[in-house]
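Okay, here's what each chain looks like letter by letter:
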Amino acid sequence: MRLIRLFFLCVFVFSSVLASSQDIETDVYRAEIGLSGGGSYYLGEANNVLFSNMQPAFGGFVRYKFNPRIAVRVELLDATVAGIGIKNTFGVGDLCGEFNFFDLERNKYKRYSKLFTPYIFTGISLFTYVYNKQVFPFEVGIPFGIGIKLKLKNRWNLDLKWTNRLLLADNLEGTSGLKDTDSDKYNNPNKLNGSNIFNNDLMSTITFGISYDSWKQECDCRNTKH
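Treat the numbers as computed from the prediction; the structure is a model and nothing was measured.

How would you summarise the overall build of the protein if you had to cite specific residues and measurements?
Regarding its fold elements, the protein presents 1 helix and 10 strands. Shown N-terminal to C-terminal, the secondary structure of the protein runs as helices and strands in the order α-β-β-β-β-β-β-β-β-β-β. For the protein, the exposed area adds up to about 12700 Å²; of that, 63% sits on carbon and sulfur atoms.

Below you can see the structure in the form of structure tokens.
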């Protein structure tokens, strides 16, 4: 709950600052390159409390903007999750489509133009992790979440987001640190929480990102004078 309060406090402060300084930017940039950092946690049989056992997460991302509402993001993260007898490091790659609820651009004369916008996203994840000194490469997950984007001056942007990744296949409940006879209590009676498509574990992150606009779009301006 403390993280949630901090999240909304940051949103309020940045929104207030930006609202007082809105003007018009004539340059349009198609891409952003940025860094992100925050916390990660796991939800499953070995940890069923939201935001419990938070661990560090950090990475980088590239976002391509088709227009002020639609974008696609590729993000690479290094994250750790922990629970009862569990502590694993993940390497995660997300490919997500994003939808902004407002036109994210600096134009005070445009009705739906805002310097900040909430957004939603989903896509596909590939992740690797180590279990009992064995590397599990390229497992598949489904990321989804919500966030808010803030547009700053001089091509800088801020991004706060909460991502949940449905792990379609993992062996988290069987990590070392638990006796073999106790491992089954972290699985359901039908054994559906291991490496199979019916797994319902979540690996989640709350991250703060900062990015810089790049790939300037050429102005489609034509002189009509003869």
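For the packing of aromatic side chains, give the residues involved together with the corresponding values.
What the rule picks out here adds up to 8 aromatic pairs. Relative to Trp162, the ring of Phe51 lies with its centre 5.5 Å away and its plane at 45 degrees, an arrangement referred to as tilted. Taken together, the residues Phe51 in the loop between strand E1 (29-43) and strand E2 (55-65) and Trp162 in strand E9 (residues 156-167) connect sequence positions 111 residues apart. Using a relative accessible area of 27% as the deciding quantity, one classes Trp162 as partly exposed. An angle of 55 degrees between the planes, with centres 5.5 Å apart, marks the rings of Tyr64 and Trp215 as tilted. One end of the pair, Tyr64, is in strand E2; the other, Trp215, is in strand E10 (residues 201-216), with 151 residues separating them in the sequence.

Could you give an account of the nonpolar core, with specific residues and numbers?
Of all hydrophobic cores here, the largest spans 12 residues; its members are Tyr42, Ala46, Leu77, Val81, Ile86, Phe90, Val92, Phe127, Tyr129, Phe136, Leu167 and Met203. Residues Leu43, Phe51, Leu202 and Ile206 belong to the second largest nonpolar core, which totals 5 residues.

Calculation notes
Residues numbered from 1 in each chain as written. Predicted model: local features only at pLDDT ≥ 70, side-chain atom pairs only at ≥ 80, totals over all residues. Heavy atoms only, no water. Helix = DSSP H or I, 4+ residues; strand = E, 2+ residues; numbered from the N terminus. Areas by Shrake-Rupley, 256 points an atom, 1.4 Å probe, with all protein chains shown as cover. Phe/Tyr/Trp six-rings, centres within 6.5 Å; stacked < 30°, edge-to-face > 60°. Buried < 20%, exposed > 50% of the residue type's maximum accessible area, 1.4 Å probe, protein only. Core = buried A, V, L, I, M, F, W, Y, C linked by side-chain atoms within 4.5 Å.

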